[in-house]
Amino acid sequence: MKKIIQFFSVPKRLAILNAVMLVVLSVFNFLIQGLGVPVPYAIALLVVCFCAIILYPIIDHPVGSAIISFVNGISLMLVLYCVCFMGGLFALLLCIITILPIIPVFFLIVLIYQLIHRYIVKPTSSINRWLFVLGVALCLAVMPIAGHEYHKASTTLRQSASNGYSDVEKTYMVERIMGMHFIYHTQECLFDGWRPPKHDPFLTIGRWLNKGIDPIDLSLEERLHLYRTTFPDRPYKFKHAASLPSAKNGYFRDELWTRE
């Protein structure tokens with residue numbers, strides 16, 4: 001193990017290792033029932049964070065290093081989010097008895113170790129350490145906002161349920177909540193079947209902070225009908241599935257799309 005660590009202590013080798021791990025994680029997300037396809041803002045965030053994780057070992061310019069330190073504070077929270085999302089007890093037991101899920105879990109742990117060691121344990125400078133902490137703090141500050149918005153949207157939906165949601169306020173979070181279970185993927189599920197294709201971390205964190213409640217008490221068919229009537233201009237079925245298993249397990253041919 002010591003020789004492996006020494007081998008990857010060379011900055012260029014570590015950068016290549018990180019690039020390979022991130023590519024493998026992305027492939028696994030497509031090949032197994034993982035996170036699904038991130039919504040546009042999440043894709044942009046992933047691209048920025050992936051670049052920072054790859055480049056931090058080889059960027060030594062003070063300004064560039066400072067920017068990457070801040071971004072990698074966000075990267076740490078992003079990686080921790082992925083671990084939490086896929087970290088159910090059943091998933092952990094599955095990792096023990098099968099080799100396939102161990103690979104992405106191991107890579108995520110390696111990335112967490114790298115970032116904490118680089119910026120907290122042995123930072124290149126105190127400025128970089130504090131910028132990294134600032135990136136973490138920014139993410140922590142956004143979390144209660146997600147929780148508040150989810151709670152507010154849930155209250156709005158409950159109040160409008162008595163009149164068939166006809167007067168519901170069409171906010172960002174209301175749209176997200178209405179689209180749960182057929183558009184937005186909010187929790188890991190290890191059973192057979194297809195997953196909703198889209199993944200919005202802001203929605204998922206908001207739901208976590210509200211004890212996982214779903215304020216809409218409707219069947220999936222009724223929920224889809226409600227979504228289509230409330231947001232008629234928004235797509236509800238997509239050309240891509242959450243992953244290869246979802247495509248094989250019936251996302252495109254599900255009767256939901258025709259029987260509602």
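For the structure itself, look to the data block above.
Thresholds, definitions, all that
- Along each chain, the written sequence defines residue order, and numbers are assigned to residues from 1.
- Owing to the predicted nature of the model, reporting of local features is limited to residues with pLDDT of at least 70; listing and counting of side-chain atom pairs is limited to 80 or more, with chain, interface and lining totals taken over all residues.
- Computation of side-chain values: all heavy atoms of the structure, hydrogens and water removed.
- Helix and strand assignments follow DSSP, with helices taken as H or I runs no shorter than four residues and strands as E runs no shorter than two, numbered in order from the N terminus.
- Accessibility here uses a 1.4 Å probe with only protein chains present; expressed as a share of the type maximum, an area under 20% marks a residue as buried, one over 50% as exposed, and anything in between as partly exposed.
- Should any heavy atoms of two residues lie within 4.5 Å, those residues are considered in contact.
- Note that accessible areas follow from Shrake-Rupley with a 1.4 Å probe, and for residues the cover is restricted to the protein chains shown.
- When charges are tallied, Lys and Arg are placed among the positive residues and Asp and Glu among the negative ones, while His and the ends of the chain are skipped.
- By convention, charge coordinates are those of NZ in Lys, CZ in Arg, CG in Asp, or CD in Glu.
- Here a cavity denotes a set of grid points, spaced 1 Å apart and computed over the protein atoms alone, in which a 1.4 Å probe fits but from which it cannot get out, and a pocket denotes an open set meeting protein on both sides within 12 Å along at least five of seven lines; residues with an atom within 4 Å of a point are reported as lining.
- Grid points are joined across faces, edges and corners, and a volume is the space filled by probe spheres set on the points.
- Basically, the charged four are Asp, Glu, Lys and Arg, the nonpolar ten are Ala, Val, Leu, Ile, Met, Phe, Trp, Tyr, Cys and Pro, and anything else, Gly included, counts as polar.
- Salt-bridge detection follows one rule: a side-chain nitrogen of Lys or Arg within 4 Å of a carboxyl oxygen of Asp or Glu.

A closer look at the overall build of the chain
Phase 1 of the analysis: For the chain, the helix and strand inventory stands at twelve helices and two strands.
Phase 2 of the analysis: Referenced to the eigenvectors of the C-alpha coordinate spread, the extents of the chain come out at roughly 65 × 35 × 30 Å.
Phase 3 of the analysis: Taken across its 260 residues, the chain has 42% of its residues classed as buried.
Phase 4 of the analysis: Of the contacts made within the chain by residues no fewer than 6 positions apart, 71% connect residues no fewer than 24 positions apart.
Phase 5 of the analysis: Put simply, the chain shows about 14,300 Å² of open surface, and 70% of that area lies on carbon and sulfur atoms.
Phase 6 of the analysis: Charged side chains in the chain number 23 positive and 16 negative. The centres of these two groups are separated by 15 Å.

Details of empty space enclosed by the protein
Once rolled over the atoms, a probe with the size of a water molecule shows which space is left empty.
Phase 1 of the analysis: Counting across every chain of the model gives one cavity of 30 Å³ or more.
Phase 2 of the analysis: By volume, the largest cavity amounts to about 40 Å³.
Phase 3 of the analysis: Every residue lining the largest cavity is listed: Y56, I59, S65, I68, S69, R118, Y119, T124 and N128.
Phase 4 of the analysis: Going through the elements one at a time, α4 (62-85) and α6 (102-121) are the ones with two or more residues in the lining of the largest cavity.
Phase 5 of the analysis: The element contributing the most residues to the lining of the largest cavity is α4, with three residues.
Phase 6 of the analysis: Split into classes, the residues belonging to the lining of the largest cavity amount to four nonpolar, four polar and one charged.

Side note on the layout of surface pockets
Phase 1 of the analysis: Looking at the second largest pocket, its volume works out to about 580 Å³.
Phase 2 of the analysis: It is helix α2 (residues 11-31) that provides the largest number of residues to the lining of the second largest pocket, a total of six residues.
Phase 3 of the analysis: Taken together, the residues of the lining of the second largest pocket break down into 24 nonpolar, six polar and no charged.

Quick word on the pattern of salt bridges
Phase 1 of the analysis: Using the criterion set out here, one finds five salt bridges in the structure.
Phase 2 of the analysis: The salt bridge involving R176 is made with E175; its shortest N-O contact spans 2.8 Å. Of the two residues, R176 and E175, neither departs from the other in class, the shared state being buried.
Phase 3 of the analysis: A salt bridge links R176 to D200, with the shortest nitrogen-to-oxygen separation between them at 2.8 Å. In this pair, R176 is assigned in helix α8 (residues 172-178) and D200 in the loop between β2 (198-199) and α9 (201-208), connecting sequence segments 24 residues apart.
Phase 4 of the analysis: Where salt bridges share partners, they join E175, R176, D200 and R234 into one cluster.

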